[in-house]
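Observations on chain architecture
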Amino acid sequence: MKTKQLGNSELQITPIGFGAWAIGGGDWAFGWGAQDDQQSIAAINRALDLGVNWIDTAAIYGLGHSEEVVAQALKGRAERPYIFTKCSMIWNEKGEIGRSLKADSVRREVEASLRRLNIETIDLYQIHWPNPDAELEEGWKTLSQLKDEGKVRYIGVSNFNVEQLKRAQEIAPITSLQPPYSLGKRDVEKDILPFCKENNIGVIVYSPMQSGLLTGAMTHERVANLPDDDWRKNSSEFQEPRLSRNLKLVEVLQHIGQQHGRSPGEVAIAWTLNNPAVTAAIVGGRNSKQVEGIIGASEFRLNEQELNQIQTFLHENP
């Protein structure tokens with residue numbers, strides 16, 4: 001797989017990385033329903049065997065569980081991939097989620113992540129959400145100190161707007177931004193992506209297949225049967241009238257993909273990678289088969305006619 005430099009770092013990353021949100025399992029506020037850890041481990045190893053060289057996780061995913069599963073998957077591998085994780089969302093013994101960017105909280109988080117991941121240094125440490133906004137500067141300053149101390153190699157942010165990016169930049173350079181970006185969520189195109197391109201901030205987009213909606217595996221029936229502990233059940237994009245519109249979009253992606261032996265999900269990911277500001281995309285997989293169904297996106301590129309076809313649909317179905 002070809003690699004690309006991530007922002008101001010020396011990290012050369014593959015066009016897609018393994019996203020470890022769903023493998024955190026169910027039983028927490030933003031879970032994806034029950035998940036088998038052995039399948040998660042197999043999915044991670046399949047992605048790495050196929051050439052993916054980075055994993056993106058977060059402390060909050062499964063309340064620490066995702067990081068632990070990543071560590072289990074990497075046991076015994078000769079080479080370890082780059083590991084990216086995040087801070088700012090914390091939880092108590094009852095599993096209730098809070099948010100803090102206070103220095104002592106961030107320091108507790110980084111130590112806990114290092115322990116769960118069983119590593120000495122995190123390759124990219126990111127502020128997960130700019131909340132509480134008033135603590136943004138304190139949090140970012142702490143990440144910069146952690147970098148100086150060697151606990152983390154590079155520092156980035158996630159879900160920041162331009163004004164927040166500028167505030168962070170005044171304290172320390174930003175290696176990367178992680179925004180949501182997909183055919184169904186394009187608001188970052190206006191200001192955020194151009195700002196990152198101008199300022200050499202790498203961009204790793206999340207949910208390029210809109211949380212599974214654009215994979216081709218989603219149907220009205222499947223959405224209706226999502227388990228109660230799957231956060232997508234309450235998402236407006238998975239409910240009418242948006243659901244029918246999104247499934248129509250999948251038909252367009254399917255038509256394009258069929259001509260190249262690619263899945264709708266691979267077409268959706270390739271569309272995000274077409275934006276010159278985007279360095280790479282985070283793609284989740286809950287089992288080996290899902291990984292095999294999206295890996296082609298790393299090499300697949302859409303031609304002008306196909307991009308226009310998608311643009312026409314988006315214009316006619318905003």
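Residues numbered from 1 in each chain as written. Predicted model: local features only at pLDDT ≥ 70, side-chain atom pairs only at ≥ 80, totals over all residues. Heavy atoms only, no water.

**Remarks on the layout of surface pockets**
To be explicit about the condition: Space inside and on the surface of the protein is sampled on a 1 Å grid over the protein atoms alone, with a cavity defined as a set of points where a 1.4 Å probe fits but cannot get out and a pocket as an open set with protein on both sides within 12 Å along at least 5 of 7 lines; lining residues have an atom within 4 Å of a point. Grid points are joined across faces, edges and corners, and a volume is the space filled by probe spheres set on the points. Residues are grouped as follows: Ala, Val, Leu, Ile, Met, Phe, Trp, Tyr, Cys and Pro are nonpolar; Asp, Glu, Lys and Arg are charged; every other residue, Gly included, is polar.
In this structure, the second largest pocket encloses a volume near 160 Å³. Around the second largest pocket, the lining residues are Lys 2, Thr 3, Lys 4, Ile 13, Thr 14, Pro 15, Leu 273, Val 278, Thr 279, Ser 298, Glu 299 and Arg 301. Of the residues that constitute the lining of the second largest pocket, the class distribution is four nonpolar, four polar and four charged.

**What about the pattern of salt bridges?**
Under the convention used in this document: When a carboxyl oxygen of Asp or Glu is within 4 Å of a side-chain nitrogen of Lys or Arg, the pair counts as a salt bridge.
In total, this model carries 16 salt bridges according to the counting rule given. Close ionic contact of Lys 190 with Asp 191 constitutes a salt bridge, the shortest N to O distance being 3.8 Å. Here the salt bridges do not stand alone but share partners, grouping Asp 133, Glu 137, Glu 163 and Arg 167 into one network.

**A closer look at unusual backbone geometry**
Short version of the rule: Secondary structure elements are taken from DSSP: a helix is a run of H or I of four residues or more, a strand is a run of E of two residues or more, and numbering for both begins at the N terminus.
Here the amide bond leading from Asn 131 into Pro 132 is cis, since omega sits at -10°, within 30 degrees of zero. Mapping Pro 132 onto the fold places it in the loop between β8 (122-127) and α4 (136-148). A cis amide bond, omega 5°, links Glu 240 with the succeeding residue Pro 241. Relative to the helices and strands, Pro 241 is located in the loop between α7 (220-224) and α8 (242-258).

**Side note on the side chain of Gln 35**
Rules: Think of it in three bands: residues with accessible area under 20% of the maximum for their type are buried, residues over 50% are exposed, and the middle band is partly exposed, with areas taken using a 1.4 Å probe on protein chains only. The term polar contact refers here to a pair of N or O atoms within 3.5 Å; inside protein, the definition further demands a hydrogen-donor-capable atom paired with an acceptor-capable atom, and it admits residues adjacent in sequence only when both atoms are side-chain atoms. By the convention used here, residues are in contact when the closest approach between their heavy atoms is within 4.5 Å.
Examined against the element boundaries, Gln 35 turns out to sit in the loop between β3 (16-19) and α1 (37-49). You can call Gln 35 buried: its relative accessible area is 17%. Polar side-chain contacts of Gln 35 include one of 2.9 Å to the side chain of Ser 40. Separated by 2.8 Å, the side chains of Gln 35 and Arg 286 make a polar contact. What Gln 35 contacts, discounting residues up to four positions off in sequence, is Ala 22, Ile 23, Gly 25, Ser 40 and Arg 286.

**Concerning the packing of α4 against helix α5 (residues 162-169)**
Heads up, the condition is: Orientation is described by lines fitted to C-alpha atoms, with helices fitted over the stretch in contact, and by angles between N-to-C directions that extend from 0 to 180 degrees. Note on angle classes: values under 35 degrees are labelled roughly parallel, values over 145 roughly antiparallel, values of 65 to 115 roughly perpendicular, and the remainder oblique. Here a crossing is called left-handed whenever its near helix is offset anticlockwise from the far helix by less than a right angle, and right-handed whenever the offset is clockwise.
Following both chains from N to C, one finds α4 and α5 inclined at 50°, their axes separated by 9 Å at the closest point. The orientation of α4 with respect to α5, classified from their angle, is oblique. Of the two possible hands of crossing, α4 and α5 adopt the one that is right-handed. Contact with α4, carried on its side by Leu 136, Glu 137 and Trp 140, involves Gln 164, Arg 167 and Ala 168 of α5 and no other residues of that element.

**Quick word on the sheet that holds β3**
Spelled out, the test is: The pairing criterion for strands is at least two bridges between them, as found by DSSP.
With respect to topology, eight strands assemble into a closed barrel ordered β3-β4-β5-β8-β9-β10-β11-β12, the strand pairing being parallel. The sheet shows a mean angle of 30° between the axes of neighbouring strands, direction not considered. When β3 meets strand β12 (residues 280-284), the two strands line up parallel, connected through four bridges. Each residue of the ladder has a partner; that of Ile 16, found in β12, is Ala 281.

**Some thoughts on the packing of α8 against helix α11 (residues 304-316)**
The N-to-C vectors of α8 and α11 enclose an angle of 165°; their axes lie 11 Å apart at closest approach. By the criterion of interaxial angle, the relationship of α8 to α11 is roughly antiparallel. Like other packed secondary-structure pairs, α8 and α11 cross with a definite hand, here right-handed. Residues Arg 245, Lys 248, Leu 249, Val 252, Leu 253, His 255 and Ile 256 of α8 lie in contact with α11, whose contacting residues are Glu 306, Gln 309, Ile 310, Phe 313 and Leu 314. Considering only residue class, the contact of α8 with α11 consists of seven nonpolar, two polar and three charged.

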